[in-house]
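Structural overview for review
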Amino acid sequence: MCPTPTSSAHLPGGLILVVEDDPLILEFLCEILQEEGFKVEPQISADAASLYLEQHAADVALLLTDITMPGTLNGADLANLVGDRWPEKPVMVMSGYETPETSGVKHTVAFIKKPWAIGQLLDCVESAFKAKAPRLH
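Just so it is clear, the structure is predicted and the values come from calculations on it, not from any experiment.

A few points about the side chain of N80
- Mapping N80 onto the fold places it in helix α3 (residues 75-85).
- In this structure N80 touches G104, V105, K106 and H107, once residues within four positions along its chain are discounted.

Describing helix α5 (residues 118-131)
- In this model, α5 (14 residues) spans 20 Å end to end at C-alpha, consistent with the 20 Å of a helix rising 1.5 Å per residue.
- Of the residues making up α5, those classed as buried are L121, L122, D123, C124, V125, E126, A128 and F129.
- Close packing links the buried residues of α5 with β1 (15-19), α1 (23-35), β3 (60-66), β4 (91-95) and β5 (110-113).

Some remarks on the packing of aromatic side chains
- Under the definition given, this model contains 2 aromatic pairs.
- With centroids separated by 6.0 Å and ring planes inclined at 0°, the aromatic side chains of F28 and W116 adopt a geometry described as stacked. In this pair, F28 sits in helix α1 while W116 sits in the loop between β5 and α5, placing the two residues 88 residues apart along the sequence.
- Here W116 falls in the buried class, since its relative accessible area comes to 15%.
- With a centroid separation of 6.0 Å and an interplanar angle of 5°, the aromatic rings of F38 and F129 are classed as stacked. One end of the pair, F38, is in the loop between α1 and β2 (39-43); the other, F129, is in helix α5, and 91 residues separate them in sequence. The two residues F38 and F129 agree in class, both being buried.

Notes on the confidence of the model for the chain
- Of all residues in the chain, 88% attain a pLDDT of 70 or more, and the chain-wide mean is 90.
- Counting contacts from residues 4-11, a segment whose pLDDT is below 50, to residues more than four positions away or on other chains yields 14 contacts.

Cut-offs and rules
Residues numbered from 1 in each chain as written. Predicted model: local features only at pLDDT ≥ 70, side-chain atom pairs only at ≥ 80, totals over all residues. Heavy atoms only, no water. Helix = DSSP H or I, 4+ residues; strand = E, 2+ residues; numbered from the N terminus. Contact = heavy atoms within 4.5 Å. Expected span 1.5 Å × (residues − 1). Buried < 20%, exposed > 50% of the residue type's maximum accessible area, 1.4 Å probe, protein only. Phe/Tyr/Trp six-rings, centres within 6.5 Å; stacked < 30°, edge-to-face > 60°. pLDDT = per-residue confidence, 0-100.

Below, the structure written as structure tokens:
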């Protein structure tokens, strides 16, 4: 689980691929992230997001996906695809029903349970970026 809101530390920039099958939640997520200065790419399904990644993976700084979605792929499948093909990319998953473990996510991901507060969401995004930040020796 992501930490509860503790600070308003500066969040890193970059494009966030936001994948959510509920159009209202997708729009809300995108508005929150855009207000924080992120660029977003909304996708309504994991299938559409995987096609987007095939063309634009280099532009995506973070995958934020719901787990439960209709289609060939669900969010866990999408998280695994990104972890397999682009292991340096941070992945954040959310669900009101499942956890990364119960849904079959096999990579380390940030997780937030729905319903979430805006501060929790932003803290989780920040944690996801920090988890994949290059370490200086």
